[in-house]
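So the chains spell out like this:
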Amino acid sequence: MHFDLSVVIDSLPYLLQGSAATAVIVCCAMAIGLVIGVVMAVGMVYGPRPVALLLSSYVWFFRGFPVLVLLFLFYFGLFTFLGLNVSALTAVTLVLGMTTGAYQANIFKGAMLSMPKGQYKAARALGMTQTQAIYCIILPQILRMSIPAWSNEYSIILKDSALAFVIGAPEIMARTQFVASRTYQHLPLYITAGLIYFVLTWAGVLLLEKLYRKVRIPGYSQDGFGQ
Amino acid sequence: MSNALSILRISNLKKSYGKNTILHGATLSLHQGEIIVLIGPSGGGKSTLLQCINCLAMPEEGEIFLHDNRVDLQSAGELNELRQKVGMIFQDFNLFDHLTAVDNITVALRKVKKMSKKDALCRARRELDQVGLSDKASLYPAQLSGGQKQRVAIARALAMDPEVLLLDEPTSALDPELVGEVISVIKQLAGNGMTMIMATHQMSLISTLADRILFMENGSIVEQGTPQELLSSDMVSKTRGFCERLNEISPEDL
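As a starting point, this report considers the structure included with it. (Residues numbered from 1 in each chain as written. Chains lettered and ligands numbered in written order. Predicted model: local features only at pLDDT ≥ 70, side-chain atom pairs only at ≥ 80, totals over all residues. Heavy atoms only, no water.)

1. With respect to the interface of chain B and chain A
In many reports, interface size means the accessible area that the parts give up when they come together. If you look at the interface, chain B gives 26 residues, while chain A gives 21 residues. Each partner contributes to the roughly 2,000 Å² buried at the junction of chain B and chain A, and carbon and sulfur atoms together form 64% of this total. Three residues, F96, D97 and H98 of chain B, lead the burial of chain B against chain A; their summed loss comes to 29% of the area buried on that side. Inspection of the chain B/chain A interface yields zero salt bridges. When contributions to the side of chain B that touches chain A are tallied by element, the ones reaching two or more residues are α2 (76-85), β6 (86-89), α3 (101-111) and α5 (146-158) of chain B. Looking at the side of chain B that touches chain A, its residues break down into 14 nonpolar, seven polar and five charged. (Contact = heavy atoms within 4.5 Å. Buried area = accessible area lost by both parts, 1.4 Å probe. Salt bridge = Lys/Arg side-chain N within 4 Å of Asp/Glu carboxyl O. Helix = DSSP H or I, 4+ residues; strand = E, 2+ residues; numbered from the N terminus. Nonpolar A, V, L, I, M, F, W, Y, C, P; charged D, E, K, R; others polar.)

2. A short note on the sheet that holds strand β5 (residues 69-70) of chain B
Residues and elements named next belong to chain B. Spatial strand order, β2-β1-β4-β5: four strands in an open sheet with antiparallel pairing. One side of each edge strand has no neighbouring strand; the edge strands of this open sheet are β2 (20-31) and β5. Bridge count for strand β1 (residues 6-17) against strand β4 (residues 61-66) is five bridges, and the pairing is antiparallel. For R9, the partnering residue across the bridge sits in β4 and is F65. Its contacts with the sheet place helix α1 (residues 46-53) against β1, β2 and β4, and it is angled at close to 120 degrees to β1. (Pairing = 2+ DSSP bridges. Axes fitted to C-alpha atoms, helices over the stretch in contact; angles between N-to-C directions.)

3. Details of the environment of A105 of chain A
Along the chain, A105 of chain A turns up in helix α4 (residues 88-114). Each residue touching A105 of chain A, except ones within four places of it in the same chain, is listed here: G37, M40, A41, M44 and V59 of chain A.

4. Describing a positive patch on the surface
Residues R110, K111, K114 and K117 of chain B make up a contiguous surface patch of positive charge. Relative to the helices and strands, K111 of chain B resides in helix α3. (Patch = residues over 30% accessible without salt bridge, like charges linked within 9 Å, V, L, I, M, F, W, Y side chains within 5 Å. Areas by Shrake-Rupley, 256 points an atom, 1.4 Å probe, with all protein chains shown as cover. Lys, Arg positive; Asp, Glu negative; His and termini not counted. Charge placed at Lys NZ, Arg CZ, Asp CG, Glu CD.)

5. Observations regarding the side chain of R175 of chain A
All names here are of chain A. Among the structural elements, R175 can be located in helix α7 (residues 172-183). Within the buried core, R175 has no salt-bridge partner, and the shortest N-O distance to an opposite charge, that of E171, equals 7.6 Å. Other than its neighbours up to four places away in sequence, R175 contacts Y14, L15, Q17, G18 and P170. (Buried < 20%, exposed > 50% of the residue type's maximum accessible area, 1.4 Å probe, protein only.)

6. Considerations on the packing of α3 of chain B against helix α4 (residues 117-130) of chain B
Residues and elements named next belong to chain B. At a closest axis distance of 9 Å, the pairing of α3 and α4 adopts a crossing angle of 135 degrees. Relative to α4, the element α3 is oriented oblique. When the axes of α3 and α4 are compared, the crossing they make is right-handed. Of the residues in α4, those touching α3 at V102, I105, T106, L109 and R110 are K117, A120, L121, R123, A124, R125 and L128. When grouped by side-chain class, the residues that make up the contact of α3 with α4 number seven nonpolar, one polar and four charged. (Parallel < 35°, antiparallel > 145°, perpendicular 65-115°, else oblique. Left-handed = near helix turned anticlockwise from the far one by under 90°.)

Okay, structure coming up:
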(Lines give C-alpha, C1' and ligand atoms only; values in the text may rest on other atoms or scores of the structure.)
Protein backbone atom coordinates (compact mmCIF):
# COMPACT_ATOMS: atom_id res chain seq x y z
CA MET A 1 0.00 0.00 0.00
CA HIS A 2 1.76 3.13 -1.11
CA PHE A 3 1.22 6.61 0.24
CA ASP A 4 -0.22 8.85 -2.48
CA LEU A 5 -0.21 12.52 -1.50
CA SER A 6 -1.48 13.60 -4.91
CA VAL A 7 -4.88 12.18 -3.97
CA VAL A 8 -4.98 14.51 -1.00
CA ILE A 9 -3.98 17.49 -3.12
CA ASP A 10 -6.46 16.65 -5.86
CA SER A 11 -9.34 16.13 -3.45
CA LEU A 12 -8.54 19.11 -1.22
CA PRO A 13 -10.97 21.54 -2.94
CA TYR A 14 -13.68 18.90 -2.62
CA LEU A 15 -12.90 18.42 1.08
CA LEU A 16 -12.77 22.15 1.72
CA GLN A 17 -16.25 22.52 0.26
CA GLY A 18 -17.23 19.99 2.88
CA SER A 19 -15.68 22.12 5.58
CA ALA A 20 -17.85 25.02 4.41
CA ALA A 21 -20.87 22.77 4.98
CA THR A 22 -19.49 21.82 8.40
CA ALA A 23 -18.98 25.48 9.27
CA VAL A 24 -22.56 26.31 8.29
CA ILE A 25 -23.93 23.39 10.32
CA VAL A 26 -21.92 24.32 13.41
CA CYS A 27 -22.54 28.08 13.24
CA CYS A 28 -26.28 27.63 12.76
CA ALA A 29 -26.46 24.95 15.46
CA MET A 30 -24.58 27.15 17.94
CA ALA A 31 -26.88 30.08 17.13
CA ILE A 32 -30.00 27.95 17.57
CA GLY A 33 -28.50 26.59 20.78
CA LEU A 34 -27.78 30.11 22.03
CA VAL A 35 -31.41 31.16 21.63
CA ILE A 36 -32.74 27.92 23.14
CA GLY A 37 -30.14 28.06 25.92
CA VAL A 38 -30.83 31.63 26.99
CA VAL A 39 -34.61 31.26 26.92
CA MET A 40 -34.46 27.97 28.81
CA ALA A 41 -31.99 29.20 31.40
CA VAL A 42 -34.21 32.20 32.14
CA GLY A 43 -37.20 29.87 32.40
CA MET A 44 -35.39 27.45 34.70
CA VAL A 45 -34.10 30.15 37.04
CA TYR A 46 -36.92 32.71 37.02
CA GLY A 47 -39.91 30.76 35.71
CA PRO A 48 -42.62 29.13 37.79
CA ARG A 49 -41.92 25.61 39.02
CA PRO A 50 -43.90 23.66 36.38
CA VAL A 51 -42.08 25.54 33.60
CA ALA A 52 -38.71 24.90 35.25
CA LEU A 53 -39.52 21.19 35.53
CA LEU A 54 -40.64 20.97 31.91
CA LEU A 55 -37.45 22.66 30.74
CA SER A 56 -35.18 20.51 32.83
CA SER A 57 -36.81 17.39 31.36
CA TYR A 58 -35.88 18.79 27.92
CA VAL A 59 -32.30 19.12 29.14
CA TRP A 60 -32.31 15.56 30.47
CA PHE A 61 -33.70 14.21 27.21
CA PHE A 62 -30.96 15.74 25.08
CA ARG A 63 -28.26 15.02 27.62
CA GLY A 64 -29.32 11.42 28.06
CA PHE A 65 -29.64 10.37 24.40
CA PRO A 66 -26.54 9.89 22.23
CA VAL A 67 -26.32 12.39 19.39
CA LEU A 68 -26.35 9.56 16.85
CA VAL A 69 -29.60 8.18 18.28
CA LEU A 70 -31.13 11.66 18.24
CA LEU A 71 -30.05 12.12 14.65
CA PHE A 72 -31.76 8.90 13.51
CA LEU A 73 -34.72 9.54 15.77
CA PHE A 74 -35.40 12.93 14.22
CA TYR A 75 -34.28 12.38 10.63
CA PHE A 76 -35.66 8.91 9.94
CA GLY A 77 -38.25 8.95 12.73
CA LEU A 78 -39.93 12.17 13.66
CA PHE A 79 -39.45 14.20 10.47
CA THR A 80 -40.68 11.31 8.33
CA PHE A 81 -43.52 10.63 10.75
CA LEU A 82 -44.62 14.25 10.48
CA GLY A 83 -44.27 14.10 6.70
CA LEU A 84 -41.66 16.84 6.69
CA ASN A 85 -39.23 16.92 3.81
CA VAL A 86 -36.10 17.96 5.64
CA SER A 87 -32.66 17.75 4.01
CA ALA A 88 -29.89 15.90 5.81
CA LEU A 89 -28.04 19.17 6.30
CA THR A 90 -31.04 20.86 7.93
CA ALA A 91 -31.75 17.82 10.08
CA VAL A 92 -28.20 17.72 11.43
CA THR A 93 -28.28 21.44 12.12
CA LEU A 94 -31.57 21.22 13.99
CA VAL A 95 -30.60 18.18 16.04
CA LEU A 96 -27.21 19.61 16.98
CA GLY A 97 -28.86 22.96 17.72
CA MET A 98 -31.39 21.39 20.06
CA THR A 99 -28.70 19.28 21.73
CA THR A 100 -26.29 22.14 22.32
CA GLY A 101 -29.29 24.22 23.41
CA ALA A 102 -29.75 21.85 26.33
CA TYR A 103 -26.08 22.06 27.30
CA GLN A 104 -25.97 25.83 26.82
CA ALA A 105 -29.07 26.19 29.00
CA ASN A 106 -27.11 24.55 31.78
CA ILE A 107 -24.10 26.80 31.17
CA PHE A 108 -26.23 29.95 31.39
CA LYS A 109 -28.25 28.64 34.31
CA GLY A 110 -25.06 28.02 36.25
CA ALA A 111 -23.80 31.50 35.47
CA MET A 112 -27.11 33.03 36.59
CA LEU A 113 -27.07 31.12 39.86
CA SER A 114 -23.48 32.14 40.51
CA MET A 115 -24.35 35.83 40.23
CA PRO A 116 -25.06 37.45 43.59
CA LYS A 117 -28.75 38.34 44.01
CA GLY A 118 -27.99 41.96 44.89
CA GLN A 119 -27.88 43.44 41.39
CA TYR A 120 -31.21 41.89 40.48
CA LYS A 121 -32.70 43.32 43.66
CA ALA A 122 -31.21 46.73 42.93
CA ALA A 123 -32.72 46.69 39.43
CA ARG A 124 -36.15 45.79 40.80
CA ALA A 125 -35.75 48.43 43.52
CA LEU A 126 -35.34 51.03 40.76
CA GLY A 127 -38.70 50.01 39.35
CA MET A 128 -37.50 47.78 36.52
CA THR A 129 -39.76 44.91 35.58
CA GLN A 130 -38.45 41.37 35.92
CA THR A 131 -37.96 41.20 32.15
CA GLN A 132 -36.01 44.48 32.10
CA ALA A 133 -33.84 43.37 35.00
CA ILE A 134 -33.03 40.07 33.29
CA TYR A 135 -32.47 41.61 29.87
CA CYS A 136 -30.50 44.71 30.90
CA ILE A 137 -28.64 43.55 34.00
CA ILE A 138 -28.43 39.76 34.24
CA LEU A 139 -27.97 38.62 30.63
CA PRO A 140 -25.19 41.05 29.64
CA GLN A 141 -23.14 39.78 32.57
CA ILE A 142 -23.83 36.06 32.38
CA LEU A 143 -23.25 35.97 28.62
CA ARG A 144 -19.81 37.52 29.14
CA MET A 145 -19.06 35.04 31.90
CA SER A 146 -20.17 32.12 29.73
CA ILE A 147 -17.90 32.71 26.74
CA PRO A 148 -15.14 30.29 27.90
CA ALA A 149 -17.67 27.51 28.54
CA TRP A 150 -19.42 28.39 25.29
CA SER A 151 -16.20 28.04 23.31
CA ASN A 152 -15.76 24.61 24.85
CA GLU A 153 -19.27 23.74 23.69
CA TYR A 154 -18.37 24.98 20.21
CA SER A 155 -15.42 22.63 19.99
CA ILE A 156 -17.60 19.69 21.06
CA ILE A 157 -20.41 20.45 18.60
CA LEU A 158 -17.91 20.98 15.79
CA LYS A 159 -16.64 17.45 16.20
CA ASP A 160 -20.10 15.99 16.83
CA SER A 161 -21.05 17.40 13.45
CA ALA A 162 -18.91 14.64 11.88
CA LEU A 163 -21.73 12.25 12.76
CA ALA A 164 -23.75 13.96 10.04
CA PHE A 165 -22.08 11.73 7.48
CA VAL A 166 -24.21 8.78 8.55
CA ILE A 167 -27.32 10.43 7.13
CA GLY A 168 -25.41 11.74 4.15
CA ALA A 169 -25.00 15.44 4.80
CA PRO A 170 -22.16 16.59 2.50
CA GLU A 171 -19.74 17.74 5.20
CA ILE A 172 -16.05 17.04 5.79
CA MET A 173 -16.37 13.51 7.10
CA ALA A 174 -18.83 12.36 4.43
CA ARG A 175 -16.64 13.71 1.64
CA THR A 176 -13.46 12.27 3.11
CA GLN A 177 -15.05 8.87 3.38
CA PHE A 178 -16.34 9.17 -0.17
CA VAL A 179 -12.85 9.86 -1.55
CA ALA A 180 -11.14 7.32 0.71
CA SER A 181 -13.44 4.49 -0.28
CA ARG A 182 -12.61 5.09 -3.93
CA THR A 183 -8.84 5.73 -3.69
CA TYR A 184 -7.98 3.55 -0.66
CA GLN A 185 -5.79 6.42 0.61
CA HIS A 186 -7.34 6.24 4.08
CA LEU A 187 -4.34 7.33 6.10
CA PRO A 188 -3.46 10.63 4.39
CA LEU A 189 -7.10 11.51 3.80
CA TYR A 190 -8.24 11.04 7.38
CA ILE A 191 -5.18 12.89 8.65
CA THR A 192 -6.22 15.73 6.37
CA ALA A 193 -9.82 15.59 7.62
CA GLY A 194 -8.58 15.61 11.20
CA LEU A 195 -6.36 18.60 10.48
CA ILE A 196 -9.28 20.52 8.96
CA TYR A 197 -11.31 19.90 12.13
CA PHE A 198 -8.31 20.91 14.20
CA VAL A 199 -7.91 24.21 12.34
CA LEU A 200 -11.64 24.97 12.59
CA THR A 201 -11.56 24.27 16.34
CA TRP A 202 -8.47 26.38 16.85
CA ALA A 203 -9.78 29.31 14.79
CA GLY A 204 -13.16 29.31 16.53
CA VAL A 205 -11.72 29.11 20.02
CA LEU A 206 -9.20 31.84 19.20
CA LEU A 207 -11.97 34.07 17.89
CA LEU A 208 -14.07 33.53 21.02
CA GLU A 209 -11.07 34.21 23.21
CA LYS A 210 -10.61 37.53 21.38
CA LEU A 211 -14.28 38.33 21.89
CA TYR A 212 -14.00 37.45 25.58
CA ARG A 213 -11.13 39.88 26.06
CA LYS A 214 -12.87 42.55 24.05
CA VAL A 215 -16.10 42.54 26.08
CA ARG A 216 -14.42 41.96 29.42
CA ILE A 217 -15.59 44.31 32.17
CA PRO A 218 -12.71 46.66 33.08
CA GLY A 219 -11.34 46.23 36.57
CA TYR A 220 -12.12 42.53 36.77
CA SER A 221 -9.08 40.34 36.72
CA GLN A 222 -10.60 36.86 36.36
CA ASP A 223 -9.60 35.16 33.16
CA GLY A 224 -11.75 32.24 32.12
CA PHE A 225 -9.35 31.15 29.40
CA GLY A 226 -6.47 30.49 31.75
CA GLN A 227 -3.11 31.80 30.62
CA MET B 1 -47.86 61.76 62.97
CA SER B 2 -51.24 62.58 61.55
CA ASN B 3 -52.23 60.41 58.63
CA ALA B 4 -53.23 63.38 56.54
CA LEU B 5 -49.59 64.36 56.18
CA SER B 6 -48.19 60.90 55.80
CA ILE B 7 -46.22 60.28 52.67
CA LEU B 8 -45.81 56.58 53.36
CA ARG B 9 -47.66 54.40 55.80
CA ILE B 10 -47.33 50.71 56.47
CA SER B 11 -49.72 48.76 58.54
CA ASN B 12 -49.16 45.41 60.20
CA LEU B 13 -46.54 44.08 57.75
CA LYS B 14 -45.68 40.46 58.40
CA LYS B 15 -42.99 38.35 56.84
CA SER B 16 -41.69 34.89 57.50
CA TYR B 17 -39.26 32.59 55.80
CA GLY B 18 -40.45 29.04 56.24
CA LYS B 19 -41.37 28.63 59.89
CA ASN B 20 -39.25 31.60 60.95
CA THR B 21 -41.24 34.74 61.43
CA ILE B 22 -38.89 37.63 60.77
CA LEU B 23 -41.36 40.47 61.03
CA HIS B 24 -44.30 40.39 63.45
CA GLY B 25 -46.62 43.03 62.11
CA ALA B 26 -44.76 46.32 61.73
CA THR B 27 -46.77 49.51 61.60
CA LEU B 28 -45.34 52.91 60.92
CA SER B 29 -46.12 56.18 59.29
CA LEU B 30 -43.72 58.63 57.79
CA HIS B 31 -44.33 62.23 56.92
CA GLN B 32 -42.67 64.55 54.45
CA GLY B 33 -39.05 65.28 55.37
CA GLU B 34 -38.99 62.97 58.34
CA ILE B 35 -35.97 60.79 59.05
CA ILE B 36 -36.49 57.55 60.89
CA VAL B 37 -33.53 55.56 62.09
CA LEU B 38 -33.88 51.82 62.68
CA ILE B 39 -31.53 50.34 65.18
CA GLY B 40 -31.27 47.09 67.05
CA PRO B 41 -29.29 43.88 67.15
CA SER B 42 -28.58 42.10 63.88
CA GLY B 43 -31.22 39.55 63.00
CA GLY B 44 -33.78 41.86 64.55
CA GLY B 45 -35.64 42.38 61.29
CA LYS B 46 -34.36 45.79 60.17
CA SER B 47 -33.36 44.70 56.66
CA THR B 48 -36.51 42.65 56.27
CA LEU B 49 -38.67 45.58 57.29
CA LEU B 50 -36.94 47.85 54.75
CA GLN B 51 -37.23 45.24 51.99
CA CYS B 52 -40.91 44.71 52.80
CA ILE B 53 -41.62 48.42 52.46
CA ASN B 54 -40.74 48.34 48.76
CA CYS B 55 -41.80 44.70 48.44
CA LEU B 56 -38.39 43.38 47.43
CA ALA B 57 -39.37 40.85 50.05
CA MET B 58 -43.10 40.35 49.63
CA PRO B 59 -44.90 40.72 52.95
CA GLU B 60 -47.46 37.99 53.64
CA GLU B 61 -49.80 40.29 55.43
CA GLY B 62 -50.30 43.98 55.89
CA GLU B 63 -50.88 47.06 53.84
CA ILE B 64 -48.79 49.82 52.33
CA PHE B 65 -50.13 53.29 51.63
CA LEU B 66 -48.42 55.88 49.50
CA HIS B 67 -49.98 59.32 50.02
CA ASP B 68 -52.89 57.50 51.65
CA ASN B 69 -53.52 55.44 48.53
CA ARG B 70 -53.42 51.73 49.23
CA VAL B 71 -50.88 49.95 47.04
CA ASP B 72 -52.21 46.77 45.49
CA LEU B 73 -49.43 44.32 46.32
CA GLN B 74 -50.72 41.81 43.76
CA SER B 75 -50.32 44.24 40.88
CA ALA B 76 -46.88 44.16 39.26
CA GLY B 77 -47.51 47.59 37.77
CA GLU B 78 -48.35 49.21 41.11
CA LEU B 79 -45.33 47.57 42.71
CA ASN B 80 -43.00 48.96 40.05
CA GLU B 81 -44.55 52.36 40.62
CA LEU B 82 -44.11 52.06 44.39
CA ARG B 83 -40.47 51.09 43.90
CA GLN B 84 -39.81 54.12 41.72
CA LYS B 85 -41.11 56.38 44.46
CA VAL B 86 -39.33 54.55 47.25
CA GLY B 87 -35.62 54.40 46.48
CA MET B 88 -33.29 51.96 48.15
CA ILE B 89 -29.64 52.01 49.15
CA PHE B 90 -28.05 48.67 50.00
CA GLN B 91 -25.30 47.76 52.40
CA ASP B 92 -23.20 46.23 49.64
CA PHE B 93 -24.00 48.87 46.99
CA ASN B 94 -25.25 46.47 44.32
CA LEU B 95 -23.99 48.52 41.41
CA PHE B 96 -24.41 46.91 38.01
CA ASP B 97 -20.94 45.50 37.39
CA HIS B 98 -21.02 45.68 33.59
CA LEU B 99 -21.98 49.35 33.40
CA THR B 100 -19.95 52.50 34.01
CA ALA B 101 -20.89 54.77 36.91
CA VAL B 102 -22.90 57.02 34.62
CA ASP B 103 -24.64 54.10 32.88
CA ASN B 104 -25.56 52.62 36.23
CA ILE B 105 -27.73 55.72 36.56
CA THR B 106 -28.97 56.05 32.97
CA VAL B 107 -30.14 52.45 32.57
CA ALA B 108 -33.17 52.83 34.83
CA LEU B 109 -33.88 56.35 33.59
CA ARG B 110 -34.10 55.01 30.05
CA LYS B 111 -35.87 51.72 30.73
CA VAL B 112 -38.21 52.76 33.52
CA LYS B 113 -38.71 56.48 32.95
CA LYS B 114 -38.37 56.07 29.18
CA MET B 115 -36.09 59.11 28.96
CA SER B 116 -34.11 59.80 25.81
CA LYS B 117 -30.45 58.87 25.83
CA LYS B 118 -29.44 62.50 25.92
CA ASP B 119 -31.77 63.50 28.75
CA ALA B 120 -30.81 60.47 30.80
CA LEU B 121 -27.11 61.22 30.37
CA CYS B 122 -27.64 64.83 31.36
CA ARG B 123 -29.58 63.84 34.47
CA ALA B 124 -27.05 61.17 35.42
CA ARG B 125 -24.17 63.63 35.18
CA ARG B 126 -26.01 66.07 37.38
CA GLU B 127 -26.59 63.40 40.04
CA LEU B 128 -22.94 62.31 39.91
CA ASP B 129 -21.95 65.92 40.34
CA GLN B 130 -24.16 66.13 43.45
CA VAL B 131 -22.24 63.29 45.10
CA GLY B 132 -18.91 64.69 43.96
CA LEU B 133 -18.08 62.04 41.37
CA SER B 134 -18.33 63.83 38.02
CA ASP B 135 -14.76 62.79 37.24
CA LYS B 136 -15.54 59.09 37.78
CA ALA B 137 -18.47 58.90 35.35
CA SER B 138 -16.78 56.57 32.89
CA LEU B 139 -15.27 54.18 35.43
CA TYR B 140 -16.66 50.73 36.11
CA PRO B 141 -17.69 49.63 39.64
CA ALA B 142 -14.61 47.42 39.98
CA GLN B 143 -12.49 50.55 39.47
CA LEU B 144 -14.16 52.49 42.30
CA SER B 145 -13.56 52.46 46.04
CA GLY B 146 -16.32 51.31 48.39
CA GLY B 147 -17.22 54.86 49.33
CA GLN B 148 -17.39 55.91 45.69
CA LYS B 149 -19.56 52.89 44.87
CA GLN B 150 -22.02 53.81 47.59
CA ARG B 151 -22.13 57.41 46.38
CA VAL B 152 -22.88 56.20 42.84
CA ALA B 153 -25.62 53.98 44.31
CA ILE B 154 -27.09 57.01 46.06
CA ALA B 155 -26.92 59.07 42.86
CA ARG B 156 -28.61 56.21 41.00
CA ALA B 157 -31.47 56.10 43.49
CA LEU B 158 -31.89 59.90 43.52
CA ALA B 159 -32.06 60.12 39.73
CA MET B 160 -35.42 58.34 39.90
CA ASP B 161 -36.82 61.25 41.95
CA PRO B 162 -37.88 59.09 44.88
CA GLU B 163 -40.14 60.56 47.55
CA VAL B 164 -38.72 58.29 50.21
CA LEU B 165 -35.29 56.74 50.49
CA LEU B 166 -34.69 53.47 52.33
CA LEU B 167 -31.10 52.98 53.46
CA ASP B 168 -30.02 49.56 54.66
CA GLU B 169 -26.84 50.03 56.69
CA PRO B 170 -25.29 52.25 54.01
CA THR B 171 -21.90 52.50 55.72
CA SER B 172 -21.50 49.03 57.24
CA ALA B 173 -19.55 47.50 54.36
CA LEU B 174 -17.09 50.38 54.14
CA ASP B 175 -13.55 50.70 55.39
CA PRO B 176 -13.49 53.14 58.32
CA GLU B 177 -11.66 55.83 56.37
CA LEU B 178 -14.35 55.79 53.65
CA VAL B 179 -17.35 56.10 55.97
CA GLY B 180 -17.03 59.87 56.19
CA GLU B 181 -17.64 60.63 52.51
CA VAL B 182 -20.86 58.60 52.50
CA ILE B 183 -22.06 60.14 55.76
CA SER B 184 -21.57 63.62 54.38
CA VAL B 185 -23.63 62.76 51.28
CA ILE B 186 -26.42 61.40 53.48
CA LYS B 187 -26.31 64.54 55.62
CA GLN B 188 -26.52 66.63 52.49
CA LEU B 189 -29.65 64.67 51.49
CA ALA B 190 -31.16 65.28 54.90
CA GLY B 191 -30.37 68.96 54.52
CA ASN B 192 -32.31 68.96 51.24
CA GLY B 193 -35.34 67.61 53.06
CA MET B 194 -35.27 64.01 51.80
CA THR B 195 -37.61 61.67 53.64
CA MET B 196 -35.66 58.64 54.82
CA ILE B 197 -35.83 55.41 56.73
CA MET B 198 -32.36 54.27 57.59
CA ALA B 199 -31.00 51.22 59.34
CA THR B 200 -27.62 52.18 60.74
CA HIS B 201 -25.28 51.69 63.63
CA GLN B 202 -23.42 54.90 62.90
CA MET B 203 -23.88 57.02 66.02
CA SER B 204 -23.08 60.24 64.19
CA LEU B 205 -26.05 59.60 61.86
CA ILE B 206 -28.35 58.51 64.68
CA SER B 207 -27.69 61.45 66.93
CA THR B 208 -27.62 64.20 64.33
CA LEU B 209 -30.21 63.13 61.77
CA ALA B 210 -32.89 61.03 63.44
CA ASP B 211 -36.26 62.66 63.98
CA ARG B 212 -37.41 59.38 65.38
CA ILE B 213 -35.63 56.22 66.44
CA LEU B 214 -37.24 52.78 66.14
CA PHE B 215 -35.62 50.01 68.12
CA MET B 216 -36.23 46.61 66.59
CA GLU B 217 -35.69 43.29 68.28
CA ASN B 218 -36.88 39.80 67.31
CA GLY B 219 -38.94 41.13 64.44
CA SER B 220 -40.88 43.73 66.39
CA ILE B 221 -40.57 47.44 66.95
CA VAL B 222 -40.10 47.45 70.71
CA GLU B 223 -39.39 51.12 71.32
CA GLN B 224 -39.80 54.32 69.43
CA GLY B 225 -39.39 57.98 70.12
CA THR B 226 -37.27 61.03 69.44
CA PRO B 227 -33.53 60.77 70.20
CA GLN B 228 -34.07 63.21 73.08
CA GLU B 229 -36.65 60.90 74.64
CA LEU B 230 -34.83 57.63 74.09
CA LEU B 231 -31.27 58.74 74.67
CA SER B 232 -31.70 61.14 77.58
CA SER B 233 -29.72 60.13 80.63
CA ASP B 234 -32.70 59.86 82.97
CA MET B 235 -34.42 57.37 80.73
CA VAL B 236 -33.97 53.62 80.97
CA SER B 237 -34.48 52.34 77.46
CA LYS B 238 -33.20 49.47 75.37
CA THR B 239 -32.27 52.06 72.78
CA ARG B 240 -30.04 53.92 75.18
CA GLY B 241 -28.34 50.76 76.38
CA PHE B 242 -27.74 49.71 72.79
CA CYS B 243 -26.34 53.09 71.78
CA GLU B 244 -24.07 53.14 74.78
CA ARG B 245 -22.61 49.83 73.68
CA LEU B 246 -22.16 51.24 70.18
CA ASN B 247 -20.31 54.18 71.70
CA GLU B 248 -17.99 51.88 73.59
CA ILE B 249 -17.00 50.35 70.27
CA SER B 250 -16.45 53.65 68.48
CA PRO B 251 -16.66 56.53 70.96
CA GLU B 252 -15.19 59.07 68.56
CA ASP B 253 -18.32 58.94 66.45
CA LEU B 254 -20.58 60.76 68.88
